[in-house]
Amino acid sequence: MPAVRVQKHEAEKVKNLLKKLGLYDGKRRPKREENFVLLPVISSPKLMELGFEVIDVELPFRPERQIYKNLESVLAEKLTKEELAYLRRYDIIGDIAVVQIPKELEHRQRDIIEALLIVHPFVKVIAKRGVHEGKFRVRKYEIIWGEKRLTTVHKENGVKIKVDLSRVFFNPRMKGERYRLAQLVQDGERILLMFAGALPYALVIARFKNVEITAIELNEDAVKLGLENIELNKDKLRGKIEVIHGDVFEVVPKLGTFERVISPTPKGIDALSLALSKAEKWVHYYDFVHEDRFNEFKKRIEKECQKLGKQCEVRIKKIADYKPHVYKVCADVMLF
Ligand SMILES: C[S@@+](CC[C@H](N)C(=O)[O-])C[C@H]1O[C@@H](n2cnc3c(N)ncnc32)[C@H](O)[C@@H]1O
């Protein structure tokens, strides 16, 4: 059966491209071979046209449950249609499943736990999530099954990220966004990462690109985890990460400028002017914006640039739904 043979460091990028083109065969597992990875693909002349090395190899099939079963299909046997409509997206963070159980489904908690264990037999903890709280944006959780811990190692974009959900912010749904930024970055850049958390953005960027990242974070627990994460990934990182424990608004004004500034801004904090003032070429500024206010947000950024004597081009990208009509967005700002 066909597989594409790629260098290990390119595997993630090529896999994403193949998925986008509908050529990746998710029913079989990829395989490592020294410095190469064999990616299962669907037979297509397009692969040759794209210049890939296609070989014929037996790659093992994934267990059936991983392909066909999702939580909804398992629960469809037990829950009514009305109840199924209340099911929310859940996250798998390392070996922890994080679920939301609305009050309409509280009486179904046991069924939901059983179904999760069928779909994800490797999870060791199932936790119900609450809202983000405080300036460190940590969520409240209630463990409803398994080991009594909220610490785990999550794998994403080829890096390991140790997190303690009871002490630090972490959002696995930003995986694609972190990959997007890593692809925009060029080797050799100096990057300022504000509000760095346990370093998920820094690790993914430094895994793909040979850059110098200065990361600022106020939560001491996140800083400690970030340093552990650098150690955990040291063999894979092409770039360097320096972590500064402190308040962005005190530390950053004392620093010089950077080619690129990234601000995964906590909700309710305005660090726009600071981010723009420290950037030479690019800013990626995250915020939560009502769909009717995208243009207003863009104008505000342009005005801030003018105040700083800089010209800019702004693109607002929707990253995730936050609540009805409000999105988490990233403003990609090019300065010139
Ligand atoms: C939305 S989270 C993003 C964390 C990380 N970038 C991630 O994506 O996982 C915001 C982070 O900013 C940190 N933070 C909040 N206020 C801060 C400040 N004034 N200076 C530095 N860090 C701050 C919080 O502790 C939290 O880790």
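Shown above is the structure to which this text applies.
Residues numbered from 1 in each chain as written. Predicted model: local features only at pLDDT ≥ 70, side-chain atom pairs only at ≥ 80, totals over all residues. Heavy atoms only, no water.

**Comments concerning the environment of Leu79**
Now for step 1: Topologically, Leu79 is positioned in the loop between α4 (71–75) and α5 (81–84).
Now for step 2: Non-local contacts of Leu79, meaning those with residues more than four positions away in its chain, are made with Leu84, Leu105, Arg108 and Asp111. (Helix = DSSP H or I, 4+ residues; strand = E, 2+ residues; numbered from the N terminus. Contact = heavy atoms within 4.5 Å.)

**A few points about the packing of helix α7 (residues 175–184) against helix α8 (residues 200–208)**
Now for step 1: Running from N to C, α7 and α8 cross one another at 45 degrees; their axes reach a closest spacing of 9 Å. Relative to α8, α7 is oriented oblique. Here α7 runs over α8; the crossing is right-handed. Contact residues: α7 offers Glu177, Arg178, Tyr179, Leu181, Ala182 and Gln183, while α8 offers Pro200, Tyr201, Val204, Ile205 and Phe208. (Axes fitted to C-alpha atoms, helices over the stretch in contact; angles between N-to-C directions. Parallel < 35°, antiparallel > 145°, perpendicular 65-115°, else oblique. Left-handed = near helix turned anticlockwise from the far one by under 90°.)

**Focus: the nonpolar core**
Now for step 1: Counting 41 residues, the largest nonpolar core has Leu165, Leu193, Leu199, Ile205, Ile213 and Ile241 as its most contacted members.
Now for step 2: Where this core is concerned, the elements lending two or more residues are β6 (96–99), β7 (125–133), β10 (159–164), α7, β11 (190–193), α8, β12 (212–217) and α9 (220–232).
Now for step 3: Per-element accounting of this core gives the leading share, 7 residues, to α8.
Now for step 4: When residues of this core are sorted by domain, at least three fall in each of domain 2 (65–149) and domain 3 (171–335).
Now for step 5: Those residues in contact with Ile241, other than ones at most four positions away along the chain, are Leu199, Ala202, Leu203, Ala206, Ile213, Ala215 and Ile230.
Now for step 6: In this structure, Leu274, Val283, Phe297 and Cys312 belong to the second largest nonpolar core, which totals 29 residues. (Core = buried A, V, L, I, M, F, W, Y, C linked by side-chain atoms within 4.5 Å. Buried < 20%, exposed > 50% of the residue type's maximum accessible area, 1.4 Å probe, protein only. Domains from an automatic or database assignment.)

**A closer look at the pattern of salt bridges**
Now for step 1: Scanning the entire structure with this criterion turns up 29 salt bridges.
Now for step 2: The partner of Glu156 in a salt bridge is Arg178, with the nearest N and O atoms 2.9 Å apart. Of this pair, Glu156 sits in strand β9 (residues 151–156) while Arg178 sits in helix α7, placing them 22 residues apart in sequence.
Now for step 3: With a relative accessible area of 2%, Arg178 lands in the buried category.
Now for step 4: In this structure, a network of salt bridges that share partners links the residues Lys78, Glu83, Arg108, Asp111 and Glu114. (Salt bridge = Lys/Arg side-chain N within 4 Å of Asp/Glu carboxyl O.)

**Notes on α9**
Now for step 1: Look at α9: 18 Å from first C-alpha to last across 13 residues, which is about the 18 Å you get at 1.5 Å a residue.
Now for step 2: Buried within α9 we find Ala222, Val223, Leu225, Gly226, Asn229 and Ile230. Relative to the axis of α9, the buried residues are bounded by an arc of 165 degrees and lie together on one face.
Now for step 3: Residues of α9 that are buried sit in contact with β10, α8, β12 and β13 (240–245). (Expected span 1.5 Å × (residues − 1). Arc of directions from axis to C-beta.)

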